[in-house]
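Summary of structural features
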Amino acid sequence: MILEMTRVQIVGIRGDLQRAVRKLHQIGTLQIDNIHNIPDAPIQEFSINPETQKGQEDSRYLITQIQGLIQTLGCEQAAPADSLSDIAPREIRAQINTLSPRVQELNLARRELESEQEILPRYITTLKKLLPMVPDSANQPGNATIGVLIDVSHINTLDWISKRVLEITRSKAEFVAASVDENTQAMMIVCPRAYASEIETLLGQKDVSQLNLPAEFSHLPPQRSLEALNQRLETIPLEIEEIERRFEELAAEWCPKLNHWLLMLEDTLDEVEVLSRFGETEHTFIIYGWVPARDYEALKSSLEAEIGSRIFVSALEMTPETRKLAPVAMENTRLVRPFERLVRLRAVPLYEDIDPSGLMALFLPVFFGMMLGDIGYGAVLLVLCLALGRRMQSGFLSDILKILRIGAVWSMVFGALYGEAFGTLGEALGLRPIWMDRASPENMMGLILSFVAVGAIHTMLGLVLGIWQAAVHHNRSHLLERGGMLVGLVGLFLLTGTLANLLPKSLTSPSIAVIIVGVVLLGTSMGKAGIVVGPIEFVGVIGNILSYMRIAAIGLASVYLAKVANDLGGMLGNLVVGALVAVLIHALNLAMGAFSPTIHSMRLHYVEFFRKFYEGGGRPYTPFRSHSSPDSR
Amino acid sequence: METGLIALGAGLAIGITAIATSIAQSRIGTAGVGALTEKPELIGSIIILVAIPETMVILGFAVAAMMLIGGGGG
């Protein structure tokens, strides 16, 4: 149902502006129009002073800082502190400035430890490979050990390095080499410490990678370096754990405050940004907006209680032009509410449209059930939706799960009508169809015709709604178009009845006449091109009805895949393996069975049904509401 | 022989229309995704445009079903 809206004008004294805006924000029912979009407003746009603009920038910066801290501390799900009183932005900034350095310090320390945890094993691996070959001289205090890593494609460079090092050290160096991995060769040079820097300079000139251990280990002999590295690797997780514990302490202390300040600052920013939508005169501010008609009196009395007689709230007359600008607020029962999201996916209704959410709630799950039509699949889907639905209270997925739940129930109903439970397994267990066995070839034509009949009824319902809409809004063109389609379809059904010997043959000529009348009415609505376009459009409507055959097609695909699962499971000869194969194929069929019927049911509504009566293109109702309000979360 | 030809005809009826539908939908879908990156609010219209060519495969299915049933090949 689309709520009736009232167009509102609020005029107040400039001195009361801040209180009025705050009150409107708390009430949260008024959608404020931009003064630029109101052609008949004889006032100028509200000007915001530089001090307020500066405050706006400061608030935005603070919000960004707080959002960063919330993300780092993992506070997104934490509830804001309710008992905290509001404080000025500069006090918030002061407190953020004490928290930020602590968080940054912990973050940096954690990153360094994680980096160390990643790098140290590589050093350990290299040292382990070289250590067995390192000479005893490496452990003497006067000697230095230099590690070199080189790609196997440049292995000849090692010979050159060896020769140059022997020249520099006057043959007082020892070398050991080993393969680190398939691409890397390592060499360790043991020499007197006095020559170490000259050798490192030489290696630097040749752009050779050195095995540079962290500073605290580089001065140790190789064996002791390895021991120290291993010890360090064992202590790093403990240090990381300590940092995480300190993060948790900070989060427990600060998260409620941060979330409270974030909401507060977002509200403050909204209250400043909304000013650009207002109008002003020398002494007054003027607001134009929309409120649900049932909330108008509450809005008026709340503002007058807050400001007194210095504020004037009035309901403006709705002209046909302003009605087109009205925002659309949909309100439906709990059962229908999830379908509002699907309607909005197509387009937000116009203010004067029918809200098709209720119709979609009625027909979409039935079509879903007709397609899936299986007691077993319906039961499993219902259980899954109930289990997953407990974890999600709101959002797109939560709405889809609610829709699938209803569809699962209808699947079980149609499963009983078709006599299906996990495909043909139901038949093996003694289940018999109440209506017809879908899988049987003899019933295929009956099945197709049944769903074409469903499509005819659904399409004609759409046309009836479309005609009603056109009559209410005095739209002659739409009235002729939809009336012509309906009349033409009635004639077509009469003709089909006479050809199928369901109706007397004497009705043949009248039914053809009715078809012609319908097509002529349809063509008339389209002007001069109607003589050609009219018949084409009529054929298009027939195509729309035939499109409902997809219910049979998708249903049969599901049945035959289930049959394959059962037959294949039975053919394997081993109970366990057969059951496993059958379960896997049934699981795949269920996954497709949840997805495909949903999409096709939606498509039948969007293309075949809605196009008969639904315009769409309205603007949604987005009231000026505080972020702290439960309706905002 | 006749049964085989009926089955072949039914297979061609649905196979060719399925190929035609998939070619049409792939092009529309590609263009639609490109449009969505610029204007996410177009999703409703794009779903409709992508769905329109499906009528071809539905009619192919109907022809295949009639051939199988009418020809006794079901």
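Criteria and thresholds
- Residues numbered from 1 in each chain as written.
- Chains lettered and ligands numbered in written order.
- Predicted model: local features only at pLDDT ≥ 70, side-chain atom pairs only at ≥ 80, totals over all residues.
- Domains from an automatic or database assignment.
- Contact = placed C-beta atoms within 7 Å.
- Helix = DSSP H or I, 4+ residues; strand = E, 2+ residues; numbered from the N terminus.
- Nonpolar A, V, L, I, M, F, W, Y, C, P; charged D, E, K, R; others polar.
- Pairing = 2+ DSSP bridges.
- Axes fitted to C-alpha atoms, helices over the stretch in contact; angles between N-to-C directions.
- Parallel < 35°, antiparallel > 145°, perpendicular 65-115°, else oblique.
- Left-handed = near helix turned anticlockwise from the far one by under 90°.
- Core = buried A, V, L, I, M, F, W, Y, C linked by C-beta atoms within 7 Å.
- Buried ≥ 20, exposed ≤ 12 C-beta atoms within 10 Å, placed from the backbone.
- Expected span 1.5 Å × (residues − 1).

The next point concerns the domain arrangement of chain A. Partitioning chain A into structural domains gives domain 1 (116–225) and domain 2 (357–612). Summarising the inter-unit geometry, the C-alpha centres of domain 1 of chain A and domain 2 of chain A are found 76 Å apart.

It is worth spelling out the interface of chain B and chain A at this point. On the chain A side, the residues contacting the 14 residues of chain B number 16 residues. When contributions to the side of chain B that touches chain A are tallied by element, the ones reaching two or more residues are helix 2 (43–51) and helix 3 (54–70) of chain B. Considering every element that reaches the side of chain B that touches chain A, the biggest residue donor is helix 3 of chain B, with 7 residues. Considered class by class, the residues forming the side of chain B that touches chain A number 11 nonpolar, 3 polar and no charged.

What follows covers the pairing of strand 6 (residues 184–192) of chain A. In summary, the side chains of a regular strand alternate between the two faces of the sheet. Residue and element names in this part refer to chain A. For strand 4 (residues 143–151) and strand 6, the ladder comprises 9 bridges, and the chain directions are antiparallel. Note on strand 6: the bridge partner recorded for Val148 is Met187. Two strands pair when backbone bridges link them, and strand 5 (residues 174–181) and strand 6 are joined in this way by 7 bridges, in the antiparallel orientation. Bridging from a neighbouring strand, Asp181 pairs with Thr184 of strand 6.

With that settled, the discussion passes to the environment of A:Ala329. Residue and element names in this part refer to chain A. For Ala329, the position within the fold is in the loop between helix 9 (320–325) and helix 10 (337–346). Between the C-alpha atom of Ala329 and that of Glu116, which follows or precedes it by 213 residues, the distance is 56 Å. Beyond its immediate stretch of four places on either side in the chain, Ala329 contacts Leu3, Pro292 and Tyr621.

A few words on the sheet that holds strand 5 of chain A. Residues and elements named next belong to chain A. Taken in spatial order, the 4 strands of this open sheet run 5-6-4-7, and their pairing is antiparallel. Each end of this open sheet is capped by a strand with a single partner; those strands are strand 5 and strand 7 (209–210). In the sheet, strand 4 pairs with strand 7 via 2 bridges, with the strands oriented antiparallel. For Val148, the partnering residue across the bridge sits in strand 7 and is Gln210.

Attention now goes to the packing of helix 1 (residues 17–27) of chain A against helix 7 (residues 222–273) of chain A. Residues and elements named next belong to chain A. The geometry of helix 1 relative to helix 7 is characterised by a closest axis approach of 10 Å and an angle of 120 degrees between their N-to-C directions. The angle between helix 1 and helix 7 falls in the class oblique. Here the hand of the crossing between helix 1 and helix 7 comes out right-handed. Taking contact as the criterion, the partners of Val21, Arg22 and His25 in helix 1 are, on helix 7, Asp267, Asp270 and Glu271. For the contact of helix 1 with helix 7, the class distribution of residues is 1 nonpolar, 1 polar and 4 charged.

Take the packing of helix 10 of chain A against helix 11 (residues 357–372) of chain A next. Residues and elements named next belong to chain A. With their axes 8 Å apart at the nearest point, helix 10 and helix 11 run at an angle of 105 degrees to one another. When the interaxial angle is binned, helix 10 and helix 11 end up roughly perpendicular. On helix 11, the residues touching Phe339, Glu340, Leu342 and Val343 of helix 10 are Ser357, Met360, Ala361 and Leu364. Here the contact of helix 10 with helix 11 is built from residues that sort into 6 nonpolar, 1 polar and 1 charged.

Counting residues in each nonpolar core, the largest one holds 82 residues, and the members touching the most others are A:Phe451, A:Met549, A:Ile551, B:Phe61 and B:Ala64. Sorting elements by how many residues they give to this core places helix 13 (residues 396–418) of chain A first, with 10 residues. The residues touching A:Met549, leaving out its near neighbours within four places in the chain, are A:Ile448, A:Phe451, A:Val452, B:Ile58, B:Phe61 and B:Ala62. Grouped together as the second largest cluster of nonpolar side chains are 31 residues, A:Ile27, A:Leu303, A:Ile311 and A:Ala347 included.

For the rest of this paragraph, the subject is helix 3 of chain B. The end-to-end C-alpha distance of helix 3 of chain B is 24 Å, a good match for the 24 Å that 17 residues give at a rise of 1.5 Å each. Turning to helix 3 of chain B, its buried residues are B:Glu54, B:Thr55, B:Val57, B:Ile58, B:Gly60, B:Phe61, B:Ala64, B:Ala65, B:Met67 and B:Leu68. Against helix 15 (444–472), helix 18 (530–546) and helix 19 (550–571) of chain A together with helix 1 (2–38) and helix 2 of chain B lie the buried residues of helix 3 of chain B.

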